[in-house]
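Each chain is listed here by its residues.
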Amino acid sequence: MERNWADLLPELLGSCSQGLCPNDLSAFRAVCRSWRSAAVEESSDVPWLMLADKKGKRCREFFCLQCQRVHKKFMPEVKARRCFSSRGWVLTIGRDWELHMLKNPMSRGSHIINLPNLNKFPNIEVENLRRYYHSYDFRVMVTYYYNARLGLWKPGDEEWTKVDHPSSFNFDVIFYRGCFYALNANGHILRCDVNGPTPSKAQVVFEMPRDLLGLEQMYLVQSTTGSLLVVSRRGQYRPRGTFRFHVFEIDLVAQSWRGIKTLKNSSLFLGWNSSFSLEVDEKHHIKPNCIYFTDDFIDNSRVTKDGGGKDMGIYHLQDGTIEPHFQGKSYSHYSPPLWIEPNF
Ligand SMILES: [Zn+2]
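Residues numbered from 1 in each chain as written. Predicted model: local features only at pLDDT ≥ 70, side-chain atom pairs only at ≥ 80, totals over all residues.

### A few points about the overall build of the protein chain
Link 1 in the chain: The helix and strand inventory of the protein chain stands at four helices and 25 strands.
Link 2 in the chain: Relative to its 344 residues, the protein chain shows a buried fraction of 40%.
Link 3 in the chain: Restricting the contact set of the protein chain to residue pairs at least 6 apart, pairs at least 24 apart contribute 45%. (Helix = DSSP H or I, 4+ residues; strand = E, 2+ residues; numbered from the N terminus. Buried ≥ 20, exposed ≤ 12 C-beta atoms within 10 Å, placed from the backbone. Contact = placed C-beta atoms within 7 Å.)

### As for the confidence of the model for the protein chain
Link 1 in the chain: Of the residues in the protein chain, 89% reach a pLDDT of 70 or more, and the chain-wide mean stands at 87.
Link 2 in the chain: Least confident of the elements in the protein chain is helix H1 (residues 10-17), whose mean pLDDT is 66; most confident is strand S23 (residues 313-316), at 98. (pLDDT = per-residue confidence, 0-100.)

### Brief notes about the sheet that holds strand S15 (residues 203-207)
Link 1 in the chain: The strand order S12-S13-S14-S15 describes an open sheet built from four strands, whose pairing is antiparallel. The open sheet has two free edges, formed respectively by strand S12 (170-176) and S15, since each of these has just one partner strand. Recorded for the sheet is a direction-independent mean angle of 25° between the axes of neighbouring strands.
Link 2 in the chain: Judged from the six bridges that link them, S12 and strand S13 (residues 179-184) form a sheet pairing that is antiparallel. (Pairing = 2+ DSSP bridges. Axes fitted to C-alpha atoms, helices over the stretch in contact; angles between N-to-C directions.)

### Considerations on unusual backbone geometry
Link 1 in the chain: Of note in this structure, Ala-80 is not a glycine but carries a positive phi near 55°.
Link 2 in the chain: The residue Ala-80 is located in the loop between strand S3 (69-74) and strand S4 (82-86) in this model.
Link 3 in the chain: Phi is positive for Ala-148, which is not a glycine, with a value near 55°.
Link 4 in the chain: With respect to the helices and strands, Ala-148 occurs in the loop between strand S9 (140-144) and strand S10 (149-153).
Link 5 in the chain: Ala-148 sits in the buried class, given 21 other C-beta atoms within 10 Å.

### Description of the sheet that holds strand S7 (residues 112-115)
Link 1 in the chain: Read from one edge to the other, the open sheet built from four strands follows the order S4-S5-S6-S7, with strand pairing classed as antiparallel. Of all the strands in the sheet, just S4 and S7 have a single pairing partner and so form its edges. Adjacent strand axes in the sheet meet at a mean angle of 25° when their direction is disregarded.
Link 2 in the chain: Bridge analysis of S4 against strand S5 (residues 89-93) gives five bridges, and the strand direction is antiparallel. Directly across from Ser-85, in S5, lies its bridge partner Val-90.

### Remarks on the nonpolar core
Link 1 in the chain: The biggest cluster of nonpolar side chains holds 77 residues, and the ones touching the most others in it are Leu-91, Val-231 and Ile-291.
Link 2 in the chain: Sequence-distant contacts of Leu-91, that is, excluding residues within four places in its chain, are made with Cys-83, Phe-84, Ser-85, Ser-86, Leu-99, Met-101 and Tyr-132. (Core = buried A, V, L, I, M, F, W, Y, C linked by C-beta atoms within 7 Å.)

### What about the pairing of strand S16 (residues 217-222)?
Link 1 in the chain: Counting buried positions along S16 gives five out of six residues, so the element sits mostly inside the fold.
Link 2 in the chain: Relative to strand S17 (residues 228-234), S16 is paired through six bridges, and the arrangement is antiparallel. Residue pairing for S17: Gln-217 is matched across the bridge by Arg-233.
Link 3 in the chain: Between S16 and S17, which pair antiparallel and follow one another directly, the connecting turn spans five residues, one of which, Gly-226, has a positive phi of 95°.

### Re the environment of Ile-93
Link 1 in the chain: The residue Ile-93 is located in strand S5 in this model.
Link 2 in the chain: Residue classification places Ile-93 among the buried residues on the basis of 25 C-beta atoms within 10 Å.
Link 3 in the chain: Taking the C-alpha atoms as reference points, Ile-93 and Arg-82, separated by eleven residues in sequence, lie 5.3 Å from one another.

### Some words on the pairing of S5
Link 1 in the chain: S5 sits mainly inside the fold: five of its five residues count as buried.
Link 2 in the chain: The alternating pattern of S5 places Trp-89, Leu-91 and Ile-93 on one face and Val-90 and Thr-92 on the opposite face, and all of these are buried.
Link 3 in the chain: Between the antiparallel neighbours S4 and S5 lie two residues, among them Arg-87 with a positive phi of about 50°.
Link 4 in the chain: Pairing geometry for S5 and strand S6 (residues 99-102), over four bridges, is antiparallel. If you follow Val-90 over to S6, its bridge partner there is Leu-102.
Link 5 in the chain: Where S5 folds back onto S6 in an antiparallel hairpin, the turn is made up of five residues, including Trp-97, whose phi is positive at roughly 65°.

### Digging into the environment of Glu-249
Link 1 in the chain: With respect to the helices and strands, the residue Glu-249 is situated in strand S18 (residues 244-251).
Link 2 in the chain: The class of Glu-249 is partly exposed, set by 15 C-beta atoms lying within 10 Å.
Link 3 in the chain: Measuring from C-alpha to C-alpha, the distance between Glu-249 and Val-231 comes to 8.9 Å, with 18 residues separating the pair along the chain.

Next comes the structure, spelled out in structure tokens:
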């Protein structure tokens, strides 16, 4: 008797579709109408690593941590453009200084938000856009210029707004509990209350002890339990790259901090993406109590022979060891690999 795959029981099809990564789930749904209606809803909590730009290619490759394979997506909008990511969206910028936000490449359909041209700021260079974060209602904060100033945009604005803040290099920005926060090289955490009376002003709300500060890269991350973390990264300047991370939990109300020895069943994702944390387990091929990092040292992109993308790996907080997450080579002088946060 001939068997028709379209007549398989919906319960069986539904259970088959569970655990598929977004790419495989999309292929599963495309088989026929009955498979599409039986498939689980499209969602995933496993990040993709957006690989480096390949010259002349209109497709971009993504290393999927869930299935451990590389998926290709047709994304002509990112060709030869520098990329960042925040909350699943990809920010692109080119030599024309035009900025676009592209909806999560893991999801079906496409959506583009056009932001004002960055040449509205004086003396900006594409390489000097360093950090990007957007809120739930698509207000965008970036760091720009050689000394990482803060710039703000909200839907409807035709220009970027310069944020008034103490003159110091800003390592990172985050949208946290209704406000933007930045962390600068003096170890000061600044708050910019975009809903308050002075939305274009950032004020110091916390000072990290100076002896805890790394002079290299620092990040702001919201933990899976909702607390604010500061992460310092050591070794980016060295030929062999990153060798250590330190994690601190900050209590802005109590004005206190403590060192974190374990992230328990969560892990952090750092690099040219807006930093994020995830609760993880082995079935997702993500290891707990780890920091998954990419190469975001700008000099690696600018002055090394192959470009940025070598200083990547999985840092185990428990014993300080580092192992690779992506086994291949993916380097670029202007658009090295970065994490894409699952967000549908
Ligand atoms: Zn996959």
